[in-house]
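Survey of secondary and tertiary structure
What follows is the residue order along each chain.
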Amino acid sequence: MRRTLLQHPRDHSGLAEGVRDVYRRGHAQMAVIRQLDHLVYLPPDYDASRPWPLVLFLHGYGERGHDIDRIRFNGLPALIDKGSDFPFVMVAPQLPESTFLNQWESDVLNQLLVQIQDRYTIDDRRIYLTGLSMGGYGTWDMAITYPTRFAAIAPICGGGDPSLVHRIKHLPVWAFHGARDPVVPVERSNEMIQALRDAGSTQAQLTIFPELEHNSWDAAYTASLFQWLLSHSK
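To keep things clear, this report deals only with the structure shown in the data block. (Residues numbered from 1 in each chain as written. Predicted model: local features only at pLDDT ≥ 70, side-chain atom pairs only at ≥ 80, totals over all residues. Heavy atoms only, no water.)

1. Describing unusual backbone geometry
In plain terms, the rule: Only DSSP runs of H or I reaching four residues or more are called helices, and only runs of E reaching two or more are called strands; each is numbered from the N terminus. Buried residues are those whose accessible area, probed at 1.4 Å on protein chains only, stays under 20% of the maximum for their type, while exposed residues exceed 50% and partly exposed ones sit between those limits.
In the Ramachandran plot, serine 133 falls in the positive-phi region, its phi being about 60 degrees despite a non-glycine side chain. Mapped onto the fold, serine 133 is located in the loop between strand 6 (122-132) and helix 3 (134-145). Residue classification places serine 133 among the buried positions, given a relative accessible area of 10%. Residues other than glycine seldom take positive phi values, yet cysteine 157 does so here, at roughly 40 degrees. Relative to the helices and strands, cysteine 157 resides in the loop between strand 7 (152-156) and strand 8 (173-178). Looking at cysteine 157, the relative accessible area reads 0%, which means it is buried.

In structure tokens:
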């Protein structure tokens, strides 16, 4: 299995100087990139001769900073770090702490996606978006900002502006939330899904875990969700 070296943005407008660190655990290949730091996962059988699905993963508030290891603790990066393999490319950026960026900015993320698409053979019809907590908010916001960018989204314990979700009434959405969440009330997901349905969506669903608090992502990130994402194409 080859080790892949990457180049990515060192800021939000230019190109990167290079890679700071590369590691591989099990079958997972990841690379740690300079600003905007992020992990990139390539499937073990990645072959640039054919297009691959791409999943953009957005972490939560607690994983901000400049230690890239922090975003390996939860969600998709954690599963990959433990040795799980997936049939898609994944990019997981890290939001800096104590900078002008205090939330996910959709335009910055879109620039990252463009650069990933330039460097890998990505299927434009099969780009997916998911995130947890602050990343759940970022998932809603980016989908609304770029309503034709993704084939499906999965926001977890997040929320957003219900008055804008009509822009993604065509988009398959599967949201997740813990009923006892003390950080982001479950009403935030309820109101987004209800607004989608009121706008005419027939592809909006919400799974509420009755006994869970804020961490609903461990229960959400299962084979069923990944199969559901990959079943959709633009």
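2. Describing the side chain of serine 106
Defined as follows: For the purposes of these results, a polar contact is taken to be a pair of N or O atoms within 3.5 Å, where, inside protein, one atom must be able to donate a hydrogen and its partner to accept one; residues adjacent in sequence count only when each atom of the pair is a side-chain atom. By definition, residues are in contact when any of their heavy atoms lie within 4.5 Å.
Tracing the backbone through its elements, the reader meets serine 106 in helix 2 (residues 106-119). We classify serine 106 as buried; its relative accessible area is 5%. In this structure the side chain of serine 106 is engaged in a polar contact, spanning 2.7 Å, whose partner is the side chain of aspartate 141. Once residues lying within four places of it in the same chain are set aside, the contact partners of serine 106 are Asp141, Met142, Thr145 and Tyr146.

3. Here we look at the packing of aromatic side chains
As a reminder of what qualifies: Ring pairs are drawn from Phe, Tyr and Trp, using the six-membered ring of Trp, whenever the two centres fall within 6.5 Å, and their geometry is named by plane angle: stacked under 30 degrees, edge-to-face over 60, tilted for the rest. Whether a charge sits over a ring comes down to the Lys NZ or Arg CZ being within 6 Å of the ring centre and within 35 degrees of the ring normal.
A complete count under the given rule lists 10 aromatic pairs for this structure. Between tyrosine 46 and tyrosine 120, the aromatic rings sit 5.8 Å apart at their centres with planes inclined by 80 degrees, giving edge-to-face as the arrangement. In this pair, tyrosine 46 is assigned in the loop between strand 3 (38-41) and strand 4 (52-58) and tyrosine 120 in the loop between helix 2 and strand 6, connecting sequence segments 74 residues apart. Here tyrosine 46 and tyrosine 120 have matching classes, each one buried. Members of the aromatic cluster, each reached through a chain of ring pairs, are Phe57, Phe86, Phe88, Tyr221 and Phe226. Seen from the ring of tyrosine 61, arginine 64 lies directly overhead, with NZ or CZ sitting 3.6 Å from the centre.

4. Some points on the packing of helix 3 against helix 4 (residues 187-198)
To be explicit about the condition: To get an axis, fit a line to the C-alpha atoms, keeping to the stretch in contact for a helix; angles then go from 0 to 180 degrees between the N-to-C directions. Any angle that falls under 35 degrees is termed roughly parallel, while one over 145 is termed roughly antiparallel, one within 65 to 115 roughly perpendicular, and all others oblique. Helix crossings get a hand from a simple test, with the near helix turned counterclockwise from the far one by less than a right angle marking a left-handed crossing and a clockwise turn marking a right-handed one. All amino acids are sorted into three groups, where Ala, Val, Leu, Ile, Met, Phe, Trp, Tyr, Cys and Pro are nonpolar, Asp, Glu, Lys and Arg are charged, and the leftover types, Gly among them, are polar.
Following both chains from N to C, one finds helix 3 and helix 4 inclined at 25 degrees, their axes separated by 12 Å at the closest point. Regarding the angle of helix 3 to helix 4, the classification is roughly parallel. Two packed elements cross with a definite hand, and for helix 3 against helix 4 that hand is left-handed. In this structure, helix 3 contributes Tyr137, Trp140 and Ile144 to the contact, and helix 4 contributes Arg188, Met192, Ile193 and Leu196. Here the contact of helix 3 with helix 4 is built from residues that sort into 6 nonpolar, no polar and 1 charged.

5. Digging into the pairing of strand 9 (residues 204-209)
This is how it is decided: For two strands to count as paired, DSSP must find a minimum of two bridges between them.
Of the pairings in the sheet, the one linking strand 8 to strand 9 comprises 6 bridges and is parallel in character. Looking across to strand 9, one finds that valine 173 is bridged to alanine 204.

6. Considering the packing of helix 2 against helix 3
The interhelical angle for the contact between helix 2 and helix 3, taken along N-to-C directions, is 75 degrees, at an axis separation of 10 Å. Taken together, the axes of helix 2 and helix 3 lie roughly perpendicular to each other. Here helix 2 contributes Ser106, Asp107, Leu109, Asn110 and Leu113 to the contact with helix 3, which in turn contributes Asp141, Met142 and Thr145. For the contact of helix 2 with helix 3, the per-class residue count stands at 3 nonpolar, 3 polar and 2 charged.

Everything listed is a geometric property; what it means functionally is a separate question.
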